[in-house]
Amino acid sequence: MNNKPKIKIQNLNLYIGRHHILKNINTEIPEKKVTVILGPSGCGKTTLMKCMNRLTDLYPEIKTNGKIIIDNENILNTKQNISKLRQKMGLLSQRPYPLPMSIYNNISYGLKINNKWKKKEIEKKVEQYLKQVALWDEVKNRLKEPASRLSIGQQQRLCLARGLAVDPEIILADEPTSALDPISSQVIEEKFVELKKDYTIVHVTHILRQAKRIADYVVFMYMGEVIEQGTANEIFENPKKNKTKSYLKGLFY
Amino acid sequence: MSKFKLIEEKFFRVLMFLATCLIAFALCLIIFSILYKGIPSISWEMLTQTPKGGFYFGKEGGILNAIIGSLYLSIGATFLAFIIGLPVALYMNIFLIKHKKLINIIRFFLDLLWGVPSIVYGAFGFTMMIFFGIKTSLLAGIIVVTLFIIPIMVRAIDEVLKTVPIGLLESSLSLGSTKSETAYRVFFKQCIPGIITAVLLSFGRAIGDAASVLFTTGYTDHIPTSLSQPTATLPLSIFFQLTSPIPEVQNRAYASAVVLTVIILIISILSRIFSKKFQKNQINF
Ligand SMILES: Nc1ncnc2c1ncn2[C@@H]1O[C@H](COP(=O)(O)OP(=O)(O)OP(=O)(O)O)[C@@H](O)[C@H]1O
Ligand SMILES: [Mg+2]
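This one's a predicted model, so the numbers in the text were calculated from it and none came from an experiment.

## Describing the overall build of chain B
Then step 1. Each helix and strand in chain B was counted, giving 11 helices and zero strands.
Then step 2. Element order for chain B, N to C, with α for helix and β for strand: α-α-α-α-α-α-α-α-α-α-α.
Then step 3. C-alpha extents for chain B along the principal axes are approximately 65 × 60 × 35 Å.
Then step 4. A total of 285 residues make up chain B; the buried ones form 41% of that total.
Then step 5. Taking the intrachain contacts of chain B between residues at least 6 apart in sequence as the baseline, contacts between residues at least 24 apart amount to 73%.
Then step 6. A total accessible area of about 15,400 Å² is found for chain B, and carbon and sulfur atoms account for 74% of it.

Below is the structure:
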């Protein structure tokens, strides 16, 4: 990879109880590119994302070893404030979890975490972020309504907007379009391609076509291992490993 | 096979129906007998006056001292227990989430404390009061009742917080908010309706309990004007009137029970209305 890596993962192993879930992961995520993590269901994509965000801390049964280096610091045993660390990374979880408050407050919650905006500015920002995720037109007349009333697809976009509002450097997106129709998916995809100017994006998907549309780099995982990684061109046009070839041919999902 | 299932289904349905009827019947019977004996003895005078001389022998007066005393006591204790209990429950569910064993031990002990009869709390309070040389008073009562309802408060809130999926915790934390922010701005908001129920449950226990206040609040015919004065409570007032040999006084005991029931009813309805207002923001999973 000729780009400067933003995240370096070295010899990462993760165990849940006695199960070895992530097996010796070594990879580098380039700065300001879209890196797609591709792989069949259950291969450990979500778990890998949670590691990068230290959400694994919440589970007593999870043990990790190895290194995840972000900005020259191993975040797996850092003295840094974990909240500060997490602010650097917006995580979109596979299932959207809006906060128990109004649509407007869902976005402003993120804005208020690390910035002291004035009320007027917050209003402008909320509108800006909602427009960015193509949700504004649907909700502009009901901003004070609880977010719980939105449809799942709308919630997914709301969570994306909320994640952007924290102003992260890295976006970890775990199948952010899984509940969206093709048209809205495409809007979000285009958004990601646009966002890579300013953000480092890690995008989990198992939709092959989506991966082809947005990926600069691809990491292919299978059963907790990284099988192959490289630029989108290398992986899609010229896969070297048999597993990758058969996955790309659609022999398994 | 399918015929057996059908019979099984019917059998259990009938069983559940009968159990429900039995409980409903028992409840109705209790409420009916309280109302039947109590309502004829309720008078405006009874609700607005303190006992006059000879009240407990059927003479004039009312139970205003006990009504006010009970409200002071249980509102004070519920408030204190909430102030202490909410942070404890939030701490258990957010900060201790990695220590499942520890949480379970805490839950176990809280459940034990929940089961300890309130007379034991009363006796404990009394011993403490003798030790520190404190007289029977509203304050002593409030402290003992607070101790007595804290396990109830904590466990009831804890049960509500337990239902919050870890995904909500994850998504709030991954925005970079701290655990305390998550506790008070996300978990608390999500659980307000359930927390109101928990407060109500504790309040019900506080206002209805006689044994814990038996030694600690004392008993007086006056409405207390400071925390250091003794106070009457409704359950004790009911107890004293009920043990009287005079039928008129016994009926007044039932009237007092009606008052107690109505207070709890009013508080329940108010909190229902209140919690509806917050329900709309709740995320359903
Ligand atoms: N809390 C847990 N306890 C036990 N096993 C777990 C836990 N979380 C994940 N796993 C296991 O870890 C493996 C990887 O799960 P993960 O959620 O990372 O898969 P994934 O690649 O994201 O799949 P999908 O594409 O379906 O979302 C699975 O085999 C799963 O069963
Ligand atoms: Mg997943």
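## Re the interface of chain B and chain A
Then step 1. Each partner contributes to the interface: chain B provides 28 residues, whereas chain A provides 27 residues.
Then step 2. Overall, the association of chain B and chain A removes approximately 2,600 Å² of surface from exposure, summing both partners, and the carbon and sulfur fraction of that is 63%.
Then step 3. A:Lys50 is the partner of B:Glu170 in a salt bridge, and the nearest nitrogen-oxygen pair spans 3.2 Å.
Then step 4. Within the residue set of the side of chain B that touches chain A, elements represented by two or more residues are helix H7 (166–174) and helix H8 (179–208) of chain B.
Then step 5. The greatest single-element share of the side of chain B that touches chain A, amounting to nine residues, is contributed by H7(B).

## Quick notes on the coordination of the magnesium ion (ligand 2)
Residues and elements named next belong to chain A.
Then step 1. Surrounding the magnesium ion (ligand 2) are the protein donor atoms Thr-46 (OG1) and Gln-94 (OE1), which sit 1.8 to 2.4 Å from the metal. Of this pair, Thr-46 sits in helix H1 (residues 45–52) while Gln-94 sits in the loop between strand E6 (89–92) and helix H3 (103–114); the two residues are 48 residues apart in sequence, bridging distant segments of the chain.
Then step 2. Overall, the relative accessible area of 33% leaves Gln-94 in the partly exposed class.

## What about H8(B)?
Then step 1. The end-to-end C-alpha distance of H8(B), which contains 30 residues, comes to just 36 Å, noticeably less than the 44 Å that a straight helix rising 1.5 Å per residue would cover.
Then step 2. Along its length, H8(B) reaches its greatest deviation from straightness, about 70 degrees, at B:Ile192, and the proline B:Pro193 lies no more than four positions downstream.

## Concerning the packing of H3(A) against helix H6 (residues 152–165) of chain A
All names here are of chain A.
Then step 1. Here H3 crosses H6 at 25 degrees, and the two axes come no closer than 7 Å. Considering their axes alone, H3 and H6 lie roughly parallel with respect to each other. Like other packed secondary-structure pairs, H3 and H6 cross with a definite hand, here right-handed. Two secondary-structure elements touch here, H3 through Ile-103, Asn-106, Ile-107, Gly-110 and Leu-111 and H6 through Leu-158, Ala-161, Arg-162 and Ala-165.
Then step 2. Its residues assigned to classes, the contact of H3 with H6 comprises six nonpolar, two polar and one charged.

## Some remarks on empty space enclosed by the protein
Then step 1. Across all of its chains, the model carries two cavities of 30 Å³ or more by this definition.
Then step 2. Looking at the largest cavity, its volume works out to about 40 Å³.
Then step 3. In terms of lining residues, the largest cavity is bounded by A:Leu91, A:Leu92, A:Ser93, A:Arg95, A:Pro96, A:Tyr97, A:Cys159, A:Arg162, B:Ser171 and B:Ser174.
Then step 4. Contributing elements (two or more residues each) for the lining of the largest cavity: E6 and H6 of chain A together with H7 of chain B.
Then step 5. Split into classes, the residues belonging to the lining of the largest cavity amount to five nonpolar, three polar and two charged.
Then step 6. Taken as a whole, the second largest cavity holds about 30 Å³ of empty space.
Then step 7. A:Leu92, A:Ser93, A:Pro96, A:Gln156, A:Cys159 and A:Pro176 together form the lining of the second largest cavity.
Then step 8. Taken together, the residues that form the lining of the second largest cavity break down as four nonpolar, two polar and no charged.

## Quick notes on the nonpolar core
Note on soluble globular proteins: their nonpolar side chains tend to be buried together.
Residues and elements named next belong to chain A.
Then step 1. Leu-12, Met-52 and Ile-68 are the most contacted members of the largest nonpolar core, which totals 77 residues.
Then step 2. Apart from the residues lying within four places of it in its own chain, the contact partners of Met-52 are Ile-7, Ile-9, Ile-68, Ile-70, Ile-75, Met-89, Leu-172 and Val-202.
Then step 3. In this structure, Ile-107, Leu-143, Ala-161 and Ala-232 belong to the second largest nonpolar core, which totals 45 residues.

## Focus on the domain arrangement of chain B
Reports often express the size of an interface as the amount of accessible area lost when the parts come together.
Residues and elements named next belong to chain B.
Then step 1. Segmenting chain B into domains produces domain 1 (10–41) and domain 2 (44–280).
Then step 2. Just the C-alpha atoms count here: the centres of domain 1 and domain 2 sit 26 Å apart.
Then step 3. Together domain 1 and domain 2 conceal approximately 570 Å² of surface at their shared face, both sides included; 74% is due to carbon and sulfur atoms.
Then step 4. If you sort the residues of domain 1 by the area they bury against domain 2, Ile-34, Lys-37 and Ser-41 come out on top, with a joint share of 73%.
Then step 5. Counting across the interface, domain 1 meets domain 2 through zero salt bridges.
Then step 6. Remark: the boundary between domain 1 and domain 2 carries zero residue pairs in polar contact (both at pLDDT 80 or more).
Then step 7. Considered class by class, the residues forming the side of domain 1 that touches domain 2 number three nonpolar, three polar and one charged.

## Considering the site of ligand 1
Residues and elements named next belong to chain A.
Then step 1. In the vicinity of ligand 1, 13 residues are found, and the nearest of them are Ser-41, Lys-45, Thr-46, Thr-47 and Gln-94.
Then step 2. Here an oxygen atom of ligand 1 and a backbone polar atom of Cys-43 are 3.2 Å apart.
Then step 3. In the model, an oxygen atom of ligand 1 is placed 2.5 Å from a nitrogen or oxygen of the Thr-47 side chain.
Then step 4. In the complex, 62% of the free accessible area of ligand 1, which totals 640 Å², lies under the protein chains.
Then step 5. The element contributing the most residues to the shell around ligand 1 is H1, with three residues.
Then step 6. For the shell around ligand 1, the residue count by class is three nonpolar, seven polar and three charged.

## What about the side chain of B:Ser74?
All names here are of chain B.
Then step 1. As for its position among the elements, Ser-74 is in helix H3 (residues 64–95).
Then step 2. Owing to a relative accessible area of 0%, Ser-74 belongs among the buried residues under this scheme.
Then step 3. Once residues lying within four places of it in the same chain are set aside, the contact partners of Ser-74 are Phe-203, Ala-206 and Ile-207.

Cut-offs and rules
Residues numbered from 1 in each chain as written. Chains lettered and ligands numbered in written order. Predicted model: local features only at pLDDT ≥ 70, side-chain atom pairs only at ≥ 80, totals over all residues. Heavy atoms only, no water. Helix = DSSP H or I, 4+ residues; strand = E, 2+ residues; numbered from the N terminus. Buried < 20%, exposed > 50% of the residue type's maximum accessible area, 1.4 Å probe, protein only. Contact = heavy atoms within 4.5 Å. Areas by Shrake-Rupley, 256 points an atom, 1.4 Å probe, with all protein chains shown as cover. Buried area = accessible area lost by both parts, 1.4 Å probe. Salt bridge = Lys/Arg side-chain N within 4 Å of Asp/Glu carboxyl O. Donors = N, O, S within 2.8 Å, 3.2 Å for Na, K, Ca; no water. Expected span 1.5 Å × (residues − 1). Bend = angle between axes of the 7 residues up to and from the residue. Axes fitted to C-alpha atoms, helices over the stretch in contact; angles between N-to-C directions. Parallel < 35°, antiparallel > 145°, perpendicular 65-115°, else oblique. Left-handed = near helix turned anticlockwise from the far one by under 90°. Nonpolar A, V, L, I, M, F, W, Y, C, P; charged D, E, K, R; others polar. 1 Å grid on protein atoms, 1.4 Å probe; cavity = no way out; pocket = protein on both sides within 12 Å on 5 of 7 lines; lining within 4 Å. Points joined across faces, edges and corners; volume = space filled by probe spheres on them. Core = buried A, V, L, I, M, F, W, Y, C linked by side-chain atoms within 4.5 Å. Domains from an automatic or database assignment. Polar contact = N/O pair within 3.5 Å; in protein donor to acceptor, adjacent residues only side chain to side chain. Near = heavy atom within 4 Å.

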